Amino acid sequence: DVKVTQSSRYLVKRTGEKVFLECVQDMDHENMFWYRQDPGLGLRLIYFSYDVKMKEKGDIPEGYSVSREKKERFSLILESASTNQTSMYLCASNPAGQETQYFGPGTRLLVL
Amino acid sequence: GENVEQHPSTLSVQEGDSAVIKCTYSDSASNYFPWYKQELGKRPQLIIDIRSNVGEKKDQRIAVTLNKTAKHFSLHITETQPEDSAVYFCAASITGYGQNFVFGPGTRLSVLP
């Protein structure tokens, strides 16, 4: 059974803080993704990675960066959190060559 | 880039009735169309998908149809049950291109007892 975990379910941060969201998958998947989910906007891709130390911008990368130092871990970084980054953040992964994405439980981030 | 629209944004049906959710996409190169279901407080999970070489696919009470010419695809749920209540997302992607999907905005389906 595929397991994708995220470091926090809920997070409250102050404007200007540096925020780290971590995602870990235990199925040796090559591909990992970070989305944000907002009402009426669906899931929007922030960044994705096909391999260790590799990253690609998604549709809304501004204000975010990522790190993938190990295959199982994909981190999303908010260098200086802003209130418009208050959202639900979902991580997903899948094996190379397969389409089905497996999602983590999500982190609901509130930036005050 | 790809743009996916989804309608309706909310849908209420009586238990036992059918529900239909429609999506349109803009990029004719898209060839893979999954549907994800997200129950309240839970993670999205794949429920059915269809590839561009197939016009229809069924799995028990759910089915998906694809019209490549019109660039739209639909999710059909028959004999709806309360556990079908959730937010449903459609998506479009080009297989072999990183499997990065473009999702629709979602449809909140409520099945009324």
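Residues numbered from 1 in each chain as written. Chains lettered and ligands numbered in written order. Predicted model: local features only at pLDDT ≥ 70, side-chain atom pairs only at ≥ 80, totals over all residues. Heavy atoms only, no water.

> What is the right way to read the pattern of salt bridges from this model?
Note that side chains of opposite charge can pair when their charged atoms are close. All names here are of chain A. Taken as a whole and judged by the stated rule, the model has 11 salt bridges over all chains. Across the pair Asp38 and Arg44 runs a salt bridge whose closest N-O atoms are separated by 2.9 Å. Given the relative accessible area of 25%, Arg44 is considered partly exposed. For Glu69, the salt bridge goes to Lys53, with nearest N and O atoms at 2.4 Å. One end of the pair, Glu69, is in strand E7 (residues 65-70); the other, Lys53, is in the loop between strand E5 (42-49) and strand E6 (56-57), with 16 residues separating them in the sequence. When sorted by exposure, Glu69 lands in the same class as Lys53, which is exposed. In the salt-bridge network here, residues are joined through shared partners; they are Asp28, Glu30 and Lys71. (Salt bridge = Lys/Arg side-chain N within 4 Å of Asp/Glu carboxyl O. Buried < 20%, exposed > 50% of the residue type's maximum accessible area, 1.4 Å probe, protein only. Helix = DSSP H or I, 4+ residues; strand = E, 2+ residues; numbered from the N terminus.)

> Explanation requested: the interface of chain B and chain A in the structure shown.
Interfaces are often sized by the amount of accessible area the parts lose when they come together. Taken residue by residue, the interface counts 19 residues in chain B and 25 residues in chain A. One salt bridge connects A:Glu99 with B:Arg51, and the closest N-O pair in it is separated by 2.7 Å. Where chain B touches chain A, the interface holds five residue pairs in polar contact (both at pLDDT 80 or more). Of all elements in the fold, only strand E4 (32-38), strand E5 (45-51) and strand E10 (102-103) of chain B reach the threshold of two or more residues within the side of chain B that touches chain A. Top contributing element to the side of chain B that touches chain A by residue count: E4(B), with three residues. Split into classes, the residues belonging to the side of chain B that touches chain A amount to 10 nonpolar, seven polar and two charged. (Contact = heavy atoms within 4.5 Å. Polar contact = N/O pair within 3.5 Å; in protein donor to acceptor, adjacent residues only side chain to side chain. Nonpolar A, V, L, I, M, F, W, Y, C, P; charged D, E, K, R; others polar.)

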